[in-house]
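# Structure at a glance
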Amino acid sequence: MSDTYKMVYGKVIFQAIRDLVGSSSQEKEDAIRYLQSPAFLTHCEVAGYPVGLQDALDEMLLLSQTEQKVVARMVMEELQ
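Residues numbered from 1 in each chain as written. Predicted model: local features only at pLDDT ≥ 70, side-chain atom pairs only at ≥ 80, totals over all residues. Heavy atoms only, no water.

### A closer look at the nonpolar core
The criterion, for reference: Only buried residues count toward a nonpolar core. Its members are Ala, Val, Leu, Ile, Met, Phe, Trp, Tyr and Cys residues joined through side-chain atoms within 4.5 Å. Accessible area is worked out with a 1.4 Å probe on protein chains only. A residue is then buried under 20% of its type maximum, exposed over 50%, and partly exposed in between. A helix here means a DSSP run of H or I that spans at least four residues, while a strand means a run of E at least two residues long, and both kinds are numbered starting from the N terminus. Residue contacts are defined here by distance: any two heavy atoms, one from each residue, within 4.5 Å place the two residues in contact.
Counting 22 residues, the largest nonpolar core has I13, I17, F40, Y49, L53, L57 and L79 as its most contacted members. Mapped onto this core, the elements with two or more residues apiece are helix 1 (3-20), helix 2 (25-35), helix 3 (38-47), helix 4 (53-60) and helix 5 (65-79). Here the element with the most residues in this core is helix 1; it accounts for 6 residues. Apart from the residues lying within four places of it in its own chain, the contact partners of L79 are F14, I17, Y49, P50 and L53.

### Comments concerning the side chain of Q68
What counts here: For the purposes of these results, a polar contact is taken to be a pair of N or O atoms within 3.5 Å, where, inside protein, one atom must be able to donate a hydrogen and its partner to accept one; residues adjacent in sequence count only when each atom of the pair is a side-chain atom.
Assignment of secondary structure puts Q68 in helix 5. What makes Q68 buried here is its relative accessible area of 3%. Polar side-chain contacts of Q68 include one of 3.3 Å to the backbone oxygen of L61. A polar atom in the side chain of Q68 sits 2.9 Å from the backbone oxygen of L63. Once residues lying within four places of it in the same chain are set aside, the contact partners of Q68 are L20, V21, K28, M60, L61 and L63.

### Focus on the packing of aromatic side chains
Rules: Under the pairing criterion, centres of Phe, Tyr and Trp rings, with the six-membered ring standing for Trp, must be within 6.5 Å; the plane angle then separates stacked pairs below 30 degrees from edge-to-face pairs above 60, leaving the rest tilted.
Scanning all chains against the criterion turns up 3 aromatic pairs. Relative to Y9, the ring of Y5 has its centre 6.0 Å away and its plane inclined at 35°; by these criteria the two rings are tilted. Of this pair, Y5 and Y9 both sit in helix 1, 4 residues apart, which is roughly one turn of the helix. Classification of Y5 as partly exposed rests on a relative accessible area of 44%.

So this is what it looks like as structure tokens:
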């Protein structure tokens, strides 16, 4: 795939991570649905992100809201 797809999917994934820890419950629900979809895995592959990202984000949702924000920040820093 082209670098354009890599960049676009990377931005979509970053927005989904932000939405997971944001204040809007609708955006969080949408982000969870995206995270659990087959498209997320495809987008991670195209963006060059690790295979275990989906599992890590799933586990992150089990943490407190404060812990989720810290983990989300750490994950996004690692992916950059």
